[in-house]
Amino acid sequence: MKSRFLFLTSSVVIMAIVVLAGCKTASLYSSGAVINGPSSKSIYANMQRAAVWQMDSIKHKGWRHPMGDWTSAALYTGLLAWQDVSKDTATLNFLTGVADSLQWKLKDGKSRYHADNYCIGQLYCQLYSLKKDQNRIADLKSLADTLKNRPHTESLEWKNNIGLREWAWCDALFMGPPPIAMLASVTGDRNYMNLVDKLWWKTSDYLYDNKERLFFRDSRYFTQKEKNGEKVFWSRGNAWVLAGLARVLEYMPEDYWDRRYWVAQFRDMASRIAGLQQADGTWHASLLDPASYPGKETSGTGFYCYAMAWGINHGILDASQYTATVDRAWEALVGCLHPNGMLGFAQPIGAAPGYVNYDDTELYAVGAFLLAGKEMMALHKDLNPKEETPTQKGK
């Protein structure tokens, strides 16, 4: 509970800084130094390139990871975003086919309550919204009901397989909270949102560094240092968190009693993250020691671009302050697409900063790219009023 009140205090200071900094950003836009950002047509085309390449790769080369894995689940969130803007029936059929193959179920066994293993619930809830078949969310609901009845009194220290029972690592805040928040939305049962709220702040109180306004990955990193002596804050780990905040807020009712604290944390982190963007438009694998990991990194950058663009579109972040940041990030992401549509420079699976290469690609990075693309299209939809958004027909 303690961090909630700190956010409300710090957010007042942050908003003052945002207003002052925003004046400079706004002047850049009005002076023509930044002209309109990307067009909706170009955003759409690059989303299509990435989505088509990824689905074709799965079709012809097979799955990089199991269909129900968290890596694949993160991809589905992006493909759902692509389908939403494209109305592409092939993508919808692909996603429905995945859910049918998994029988709309989560993983069974002792790891069932590991947050990674119910990230797939985001797919089930969104497809449930299209066809109100209770079987689509029955297993997720069963899991959430079990979580509601647990005491959640254990320490989150990284030992004794705590990840099987609690959200003890920062990545979990994209994996676990969004599907349960979506379940609360589609069922109308606020008790599920109360569960998300309770467990989110337990993790935040434990892993959030209020001074740095960033999340440690887990308790093992509390005392670790980078080569330059700074604390270890993993880019993708914090990107999972900021994206998780955006996705929960999207499904949280406007009148939810605790929403203002969520908004305050979102602004708190976004302000800090925006200031850590590198000259190449990306966020490198280590947020506070980018020189030790000088390469571009797309999985973290994609989720940051998505979350901040979402924040602008929903009136939570100041457009004059953050639009230039997300435009630079999107340009950098597009620059990491291979000619065939593969997204490179994605850090492989890990739990800490690591090195990245041009040919490194991952499902979750593509998911982040597509989520970002949808929000970027919404952000820039009015910049070219005479330009019609492409549709599937006539392509």
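Cut-offs used in this document
The residue numbering used here restarts from 1 in each chain and proceeds along that chain's sequence as written. Residue-level local features of this predicted model are given only where pLDDT is at least 70; pairs of side-chain atoms are given and counted only at 80 or more, and the full residue set underlies all totals for whole chains, interfaces and linings. Only hydrogens and water are set aside when side-chain values are computed; all heavy atoms of the structure are taken into account. Working definition: helices are DSSP H or I runs of at least four residues, strands are E runs of at least two. Numbering for both runs from the N terminus. Only protein chains enter the accessibility calculation, which uses a 1.4 Å probe. A residue is then buried if its area is under 20% of the maximum for its type, exposed if over 50%, and partly exposed in between. In what follows, residue pairs with any heavy atoms lying within 4.5 Å of each other are defined as contacts. Here the open area of atoms and residues is found with the Shrake-Rupley method and a 1.4 Å probe, where only the protein chains shown may cover a residue. In this description, a line fitted to the C-alpha atoms serves as the axis of each element, helices being fitted only across the stretch in contact, and the angle between N-to-C directions of two axes falls anywhere from 0 to 180 degrees. Small angles under 35 degrees read as roughly parallel and large ones over 145 as roughly antiparallel, with 65 to 115 read as roughly perpendicular and the rest as oblique. Crossing handedness is defined as follows: a turn of the near helix away from the far one that is anticlockwise and smaller than a right angle gives a left-handed crossing, while the clockwise case is right-handed. Note on residue classes: Ala, Val, Leu, Ile, Met, Phe, Trp, Tyr, Cys and Pro are nonpolar, Asp, Glu, Lys and Arg are charged, and everything else, Gly too, is polar. Between N or O atoms, a polar contact is any pair within 3.5 Å; within protein, one atom must be a potential hydrogen donor and the other a potential acceptor, and residues adjacent in sequence are included only when both atoms are from side chains. The rule for a salt bridge is simple: a side-chain nitrogen of Lys or Arg has to be within 4 Å of a carboxyl oxygen of Asp or Glu. Predictor confidence is given residue by residue as pLDDT, running from a minimum of 0 to a maximum of 100. In plain words, nonpolar cores are sets of buried Ala, Val, Leu, Ile, Met, Phe, Trp, Tyr and Cys residues tied together by side-chain atoms within 4.5 Å. Planes of paired rings set the category: under 30 degrees apart is stacked, over 60 is edge-to-face and the rest tilted, where pairs are Phe, Tyr or Trp rings (Trp by its six-membered ring) whose centres lie within 6.5 Å.

## Section: the overall build of the protein
When helices and strands are counted, the protein shows 14 helices and 2 strands. For the protein, with 395 residues in total, the buried portion stands at 57%. Expressed as a percentage of contacts within the protein between residues at least 6 apart in sequence, the contacts between residues at least 24 apart total 73%. Accessible surface, the protein: about 15,900 Å² in total, of which carbon and sulfur atoms supply 52%.

## What about the packing of helix α9 (residues 190-207) against helix α10 (residues 235-251)?
At their nearest, the axes of α9 and α10 sit 12 Å apart, and the two run at 155 degrees to each other. Between α9 and α10, the angle is such that the two are roughly antiparallel. For the pair α9 and α10, the crossing hand works out as left-handed. Of the residues in α10, those touching α9 at Met193, Val196 and Trp200 are Val241, Gly244, Leu245, Val248 and Tyr251. Here the contact of α9 with α10 is built from residues that sort into 7 nonpolar, 1 polar and no charged.

## Here we look at the environment of Ser57
With respect to the secondary-structure elements, Ser57 resides in helix α2 (residues 40-61). Looking at Ser57, the relative accessible area reads 14%, which means it is buried. Distance from Ser57 to Met342, taken between C-alpha atoms, is 9.2 Å for residues 285 residues apart in sequence.

## Considerations on the packing of α2 against helix α14 (residues 363-379)
Closest axis-to-axis distance for the α2/α14 pair is 10 Å, and the angle between their directions is 160 degrees. The orientation of α2 with respect to α14, classified from their angle, is roughly antiparallel. Judged by the sense of rotation from one axis to the other, the crossing of α2 with α14 is left-handed. Of the residues in α14, those touching α2 at Ser40, Ile43, Tyr44, Asn46, Met47, Ala50, Ala51 and Gln54 are Leu363, Val366, Phe369, Leu370, Gly373, Lys374, Met376 and Met377.

## Observations concerning the side chain of Asp197
Relative to the helices and strands, Asp197 resides in helix α9. At a separation of 2.8 Å, a polar atom in the side chain of Asp197 contacts the side chain of Trp262. Every residue in contact with Asp197, bar those within four places of it in the chain, is listed here: Arg4, Tyr256, Trp257, Asp258 and Trp262.

## Details of the pattern of salt bridges
Scanning the model with the defined rule gives 17 salt bridges in all. Of the charged contacts in the structure, one is a salt bridge between Asp84 and Lys87, with a shortest N-O distance of 3.5 Å. The partly exposed category is assigned to Asp84, whose relative accessible area is 32%. Across the pair Glu254 and Arg259 runs a salt bridge, and its minimum N-O distance is 3.4 Å. Given the relative accessible area of 65%, Glu254 is considered exposed.

## Re the confidence of the model for the protein
Summing up the model confidence of the protein, the mean pLDDT is 91 and the portion of residues at 70 or higher is 88%. Per-residue pLDDT stays below 50 along residues 383-389; that stretch engages in 11 contacts with residues further than four places along the chain or on separate chains.

## Considering the nonpolar core
Tyr118, Leu123, Trp262, Phe266, Met308, Trp330 and Leu370 are the most contacted members of the largest nonpolar core, which has 123 residues in total. Broken down by element, the residue count for this core peaks at 12 residues, all from α14. Once residues lying within four places of it in the same chain are set aside, the contact partners of Trp330 are Pro38, Ile43, Asn46, Met47, Cys305, Phe369, Ala372, Gly373 and Met376.

## Looking at the packing of aromatic side chains
Inspection of every chain in the model, using the stated rule, returns 23 aromatic pairs. Here the aromatic rings of Trp104 and Tyr124 are separated by 5.5 Å at their centres, their planes lie at 50 degrees, and the arrangement is tilted. Pair noted here: Trp104 is in the loop between α4 (89-101) and α5 (121-130) and Tyr124 is in helix α5, with a separation of 20 residues, a long-range link. Tyr124 shares its class with Trp104; the two are buried. Arranged with centres 6.0 Å apart and planes meeting at 70 degrees, the rings of Trp158 and Trp169 form a pair that is edge-to-face. With a gap of 11 residues between them, Trp158 in the loop between α6 (138-148) and α7 (172-175) and Trp169 in the loop between α6 and α7 connect regions that are remote in the sequence.

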